[in-house]
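Architecture and fold: a report
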Amino acid sequence: MQPDSSVSCAPGLMAAPSVAGSTLLTAQVHAKLSERLFVAAVWLAAALVAASFLWIVADIAFHGFAKLSWSFLTEAPRSSGRKGGISTILVSTLLILAVTVAVAVPLGVGVAVWLSEFSRRSSRTARVINIALDVLAGIPSIVFGLFGNAFFCVFLGLGFSIVSGGLTLACMALPILIRATESGLSAVPHDWRQGAAALGLSKAAALWHVLLPAAAPAITAGLLLGIGRAVAETAALVFTSGYVDRMPESLMDSGRSLAVHIYDLSMNVSGGDQAAYASALVLIGLLIVINAVAIQLSNRFMKSRIQPA
Amino acid sequence: MVIQNLRLPFLDSCVALLAACAVLLSAPDASAQEKQDKKLTITGASTAAPLVAEIAKRFESANPGVRVDVQTGGSSRGVNDARSGVSDIGMVSRALSKEEKDLKSFLIANDGMSVILHKTNPVQALTREQVIDIYTGKISNWKEVGGKDQKITVVNKAEGRSTLELFLAFFKLNNRDIKAQVVVGDNQQGVKTVAGNPGAIGYVSIGTAEFEVENGQPLKLLPLGGIAATTANVRNGSFPLARPINIVTKNEPLGLVKKFVDFAQSTAVTDLVKEQYFVPPAR
C-alpha cells in the first residue's frame with residue numbers, strides 16, 4: 001500500500017495521469033475507510049454479543065446472589081418456592097437430564113454413524129432421515145411437550161414422570177446431536193478409514209478406536225448444545241415431567257425441573273422473583289459445570305485413543 | 001456384505017433396547033393400580049397450582065402414605081381432565097361456564113384486585129371509563145379526573161401475570177393498547193412503585209394492598225362501581241374485580257377425593273390461601 005501511494009503522488013507523473021492518480025488515491029482512501037469500517041463492525045459485533053451475555057449474567061447475579069446460599073441448594077422449597085431452597089428441583093433436573101443423555105447419546109451416535117459410515121448421502125433412506133432431522137430440529141418445543149404428553153404419558157402409560165420428561169427432551173436433543181456427530185465423523189480424513197482397513201481392523205473396531213475418538217469434540221459440542229436446549233426447556237416439560245416439587249423417589253415420579261420452577265416463580269407466585277433469580281443463577285452455574293465436565297471427558301476419550309503426534 | 005452384517009445387529013439391538021425399555025417402564029404400572037386409593041392427581045389452572053400444591057403438601061403430611069400430584073396446564077385443562085378422568089380433581093381459576101355445570105365445583109379461594117393510588121392523591125373514585133382512558137393514555141393528567149395538576153404515571157403488570165389477565169378481562173382492554181410508564185413484575189413491586197410516586201396509578205391483589213395499608217404504606221384503594229375494595233367485599237362476592245379459585249370433580253366426591261376437598265375448604269389452610277395473596281372464602 002505505502003509504495004503505491006507515493007508513486008501516484010509523485011510530481012513527475014502529474015501531467016497526464018493526474019485524473020487516474022486521484023481516482024486511484026480516492027479508491028485507496030475508500031479501501032482504507034471500508035477496511036476500517038469492516039474491522040470496526042466485526043469488533044462491534046463481537047463486543048455486542050459478549051456484552052449481552054455479560055449483561056444477562058450480571059443482571060441475574062445482581063438480583064439472585066443475595067438469596068443464593070448453601071441452604072438454598074440443600075433445602076426443599078416451601079411456600080411455593082418463596083422460602084426454602086431448590087434441592088428437590090435440582091435432583092429432578094439432574095435425573096431428567098440423565099435420562100435424556102442415556103437415551104440420546106447411544107441413539108444419536110448410532111444414527112450419525114449409520115448416516116456417515118454405512119449409507120450413501122444420496123440414498124433414499126439417508127435422504128428421508130436427513131429431512132426428518134431438519135424438520136425435528138425446527139419443531140417448537142411446545143409441540144414436543146404435547147407430543148410427549150400424548151405419546152409417553154398417555155399412550156405408553158408413563159404418566160407425568162421424569163422418564164416421560166427425559167424421553168421428550170431426548171427427542172428434542174437428538175437432531176442437534178446427530179448433526180454434530182455426523183459432521184464430526186465426516187471431518188475425519190478418509191485416509192484414516194483406509195489405514196484402519198489396511199491394518200485389518202473391522203469396521204466396528206475402526207469406529208471405536210479411531211473414528212469416534214476423532215469425532216469426540218464434535219459429539220461433545222452437539223451434546224452440549226442439546227443439553228443446553230433441553231435444560232432450558234419449560235414448554236416441553238410442564239406436560240411431561242410435570243409440576244410436582246416433592247423429592248422424586250423413582251424415575252416414575254413426577255418432578256419439577258429448574259426451568260419450570262423459574263417460570264412458575266416468575267409468573268404464578270407473587271413475591272417469588274428473588275427465588276426465581278437465584279434459581280436462574282443456579283441453572284447457569286449448572287450449565288457451566290456440565291460444559292466443563294463434558295469437555296474434560298471428551299478430551300480424555302480422544303487422548304486415550306489418539307496419541308498426539 | 002460388511003455393511004449388511006453390521007447393520008442388522010445394530011437394528012436388532014435397537015429393537016431389543018426399545019423392548020427392554022418398554023418392559024422396564026411398564027412394570028411399575030401394575031402396582032400403580034393398588035396405589036390408586038392412596039394417590040390423587042390434580043391438574044388445571046396455573047394461577048391456582050401454587051396454592052393447591054401447598055395445600056397438597058400439608059394434606060400429605062396430615063395423611064401419611066397419601067400422595068397428591070399437582071400438574072398445571074390452564075383452567076380448560078382442569079375442566080377437561082376432571083371430566084375425562086385423567087385427573088381426580090381439576091383446578092379452575094374462574095367461575096364455571098354453563099356448559100361446565102355438569103362438574104361439581106368447590107370454592108377454595110378468591111382472587112380480588114384493587115386499583116391503587118398514592119395516599120396524597122385527592123381523587124376518591126374513578127369510573128370504569130376513566131380507568132380505561134388512563135390506561136390507554138387518553139387521560140394523562142390527574143386534573144382531568146378532578147385531581148391536582150399532575151402527570152399520571154401508569155403502572156402495569158408484566159405479560160403473563162394472572163392479575164394482568166384479570167385486569168384486562170375486567171376492563172375489556174388489550175395489553176397492546178396500554179400505555180404504561182412502569183411495568184412491574186409482582187405485587188410487592190407494584191406497591192413500592194405506587195407508594196413512592198404521588199402521581200402513580202397501579203393495581204395489585206387486594207390481599208396485598210390491604211396488608212400494606214395496615215402496615216403504613218401510603219396507599220389508597222379505589223372503590224369500583226361504588227363498592228369498597230376490601231377483602232370482606234371480595235369474600236361476600238360483591239366486589240366486581242375478582243374471580244373465584246375453584247377445584248372441580250366429575251362426580252360427588254368420595255373417599256380420598258372428598259377428604260382432600262373438605263381439607264382444601266377448611267380453616268386448616270387459611271394461612272396458605274393468604275400466603276398466596278388470595279382471599280379465603282367465608283367458612
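Residues numbered from 1 in each chain as written. Chains lettered and ligands numbered in written order. Predicted model: local features only at pLDDT ≥ 70, side-chain atom pairs only at ≥ 80, totals over all residues. Heavy atoms only, no water.

1. Overview of the interface of chain B and chain A
Each side of the interface is counted separately: chain B has 34 residues, and chain A has 37 residues. With both chains or domains summed, chain B and chain A bury close to 2900 Å², and 51% of this area falls on carbon and sulfur atoms. Counting every contact that joins chain B to chain A gives five salt bridges. Between Lys 83 of chain A and Glu 275 of chain B there is a salt bridge; the shortest N-O distance is 3.6 Å. Our enumeration of links across chain B and chain A arrives at 15 residue pairs in polar contact (both at pLDDT 80 or more). Residue assignment for the side of chain B that touches chain A shows that the elements contributing at least two residues are α1 (2-35), α2 (49-62), β2 (67-72) and α6 (187-195) of chain B. Here the side of chain B that touches chain A gets seven residues from one element, more than from any other, and that element is α1 of chain B. Of the residues assigned to the side of chain B that touches chain A, the class counts are eleven nonpolar, eleven polar and twelve charged. (Contact = heavy atoms within 4.5 Å. Buried area = accessible area lost by both parts, 1.4 Å probe. Salt bridge = Lys/Arg side-chain N within 4 Å of Asp/Glu carboxyl O. Polar contact = N/O pair within 3.5 Å; in protein donor to acceptor, adjacent residues only side chain to side chain. Helix = DSSP H or I, 4+ residues; strand = E, 2+ residues; numbered from the N terminus. Nonpolar A, V, L, I, M, F, W, Y, C, P; charged D, E, K, R; others polar.)

2. Observations concerning the domain arrangement of chain B
By a widespread convention, an interface's size corresponds to the accessible area lost as its parts come together. All names here are of chain B. The assigned domain composition of chain B is domain 1 (32-111 + 243-275) and domain 2 (112-235). A straight line from the C-alpha centre of domain 1 to that of domain 2 covers 31 Å. Listed as interface residues are four residues of domain 1 and, on the opposing side, six residues of domain 2. For the pair domain 1 and domain 2, the summed buried surface comes to about 460 Å²; carbon and sulfur atoms form 50% of the total. (Domains from an automatic or database assignment.)

3. A closer look at the domain arrangement of chain A
All names here are of chain A. Each domain of chain A was delimited in the assignment, giving domain 1 (1-64) and domain 2 (70-306). Once you take the C-alpha centre of each, domain 1 and domain 2 turn out to be 43 Å apart. Listed by partner, the interface residues are five residues for domain 1 and six residues for domain 2. It is Ile 60, His 63 and Gly 64 in domain 1 that bury the most area against domain 2; as a group they hold 74% of the surface buried on that side.

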